[in-house]
Amino acid sequence: MTAEVNHLSPARPRYLYPAFIGSLALNLLFIGLFAAAAWHHHEESSKPFEPGLLGFVRELPESRQAAVRNEITGAREGMKDLRATVRKSWSDANALLTVEPFDKAKFSEALAKLREEENLYKTAINNAIAETAASLSPEERKILQTWREKRRPNVLKTRGGQVKDEEPPK
């Protein structure tokens, strides 16, 4: 018994084998990158999000976290009315943009009121930070200082993203 081979069908070119292996390697690379991204995203999302100064609390030693968190939370509760007032002032000023006929004086007045409300709110925030810093040890204040440096406002950065800084006080 002999097997007949069909010599009419073309053989695959040899250059296709490295292309198949390269394609497989590329697919495995993308699958690995996707799996790594999903894994890291899962790790990040398992940490509770604590906005503002509460994010700093996670960097403190475990024994101090509860006390500092309670202090910050208490200060936040006291600022809720100020925050609501700023939001209302902003909405009121923004609503004046679409009122016809446009009254520049009224709009400027609303912006001035908004600026005053924002200043009161920012003063309360700064006072809360000062109170918190006063209750921290020198090592904890260094952690706070490092945390604040990472969160430096964009206004204080140069265009290249570098921080424009003088010599820090000793």
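Our subject in this report is the structure included herewith. Keep in mind that this is a model prediction, so the values were computed, not measured.

About the cut-offs
- Residues numbered from 1 in each chain as written.
- Predicted model: local features only at pLDDT ≥ 70, side-chain atom pairs only at ≥ 80, totals over all residues.
- Heavy atoms only, no water.
- Core = buried A, V, L, I, M, F, W, Y, C linked by side-chain atoms within 4.5 Å.
- Buried < 20%, exposed > 50% of the residue type's maximum accessible area, 1.4 Å probe, protein only.
- Helix = DSSP H or I, 4+ residues; strand = E, 2+ residues; numbered from the N terminus.
- Expected span 1.5 Å × (residues − 1).
- Contact = heavy atoms within 4.5 Å.
- Polar contact = N/O pair within 3.5 Å; in protein donor to acceptor, adjacent residues only side chain to side chain.
- Patch = residues over 30% accessible without salt bridge, like charges linked within 9 Å, V, L, I, M, F, W, Y side chains within 5 Å.
- Areas by Shrake-Rupley, 256 points an atom, 1.4 Å probe, with all protein chains shown as cover.
- Salt bridge = Lys/Arg side-chain N within 4 Å of Asp/Glu carboxyl O.
- Phe/Tyr/Trp six-rings, centres within 6.5 Å; stacked < 30°, edge-to-face > 60°.
- Arc of directions from axis to C-beta.

The next point concerns the nonpolar core. Residues Leu53, Leu54, Phe56, Val57, Leu60, Val68, Ile72, Ile129, Ala133, Leu136, Leu144 and Trp147 constitute the largest nonpolar core, which totals 12 residues. In terms of residue count, the dominant contributor to this core is helix H2 (residues 54-57) (3 residues).

At 3.6 residues per turn, the α-helix brings residues three or four places apart onto the same side. Under the 1.5 Å per step criterion, the end-to-end length of helix H4 (residues 104-134) is 44 Å for 31 residues, consistent within 8% with the ideal 45 Å. Buried within H4 are the following residues: Phe107, Ala110, Leu114, Glu117, Tyr121, Ala124, Ala128, Ile129, Thr132 and Ala133. Next to the buried residues of H4 lie helix H3 (62-95) and helix H5 (138-150). The backbone nitrogen of Ala105 lies 3.3 Å from a side-chain oxygen of the residue at the head of H4, namely Asp103.

This part is about a nonpolar patch on the surface. Side chains of Leu26, Leu29, Phe30 and Leu33 sit close together on the surface and give an oily, nonpolar patch of about 410 Å² of accessible area. Among the secondary structure elements, Leu29 is positioned in helix H1 (residues 16-46). Leu29 gets classed as partly exposed once you look at its relative accessible area, which sits at 47%.

Turning to the pattern of salt bridges, a few remarks are in order. Once their charged atoms are close, side chains differing in charge can pair, the charge on each being opposite to the other. Taken as a whole and assessed by the stated rule, the structure comprises 3 salt bridges. Two residues, Arg64 and Glu140, come together in a salt bridge whose shortest N-O distance is 3.0 Å. On the criterion of sequence distance, the pair formed by Arg64 in helix H3 and Glu140 in helix H5 is long-range, its members being 76 residues apart. By relative accessible area, which is 24% here, Arg64 ends up partly exposed. A salt bridge links Lys88 to Asp92, with the nearest nitrogen and oxygen atoms 3.0 Å apart. Pair noted here: Lys88 and Asp92 are both in helix H3, with a separation of 4 residues, about one helical turn. Classification of Asp92 by relative accessible area gives partly exposed; the value is 35%.

Applying the stated criterion across every chain, the model contains 1 aromatic pair. Taking the centre distance of 5.7 Å and the plane angle of 55° together, the rings of Phe102 and Phe107 count as tilted.

This paragraph deals with H5. With 13 residues, H5 should cover 18 Å at 1.5 Å per step; its first-to-last C-alpha distance of 19 Å lies within 8% of that length. Along H5, the residues that are buried comprise Glu140, Leu144 and Trp147. The arc enclosing the buried residues of H5, seen along the axis, measures out at 65°, which places them on a common side. Exposed side chains of H5 directed beyond 90 degrees from the buried face belong to Glu139 and Lys142. Residues of H5 that are buried sit in contact with H2, H3 and H4.

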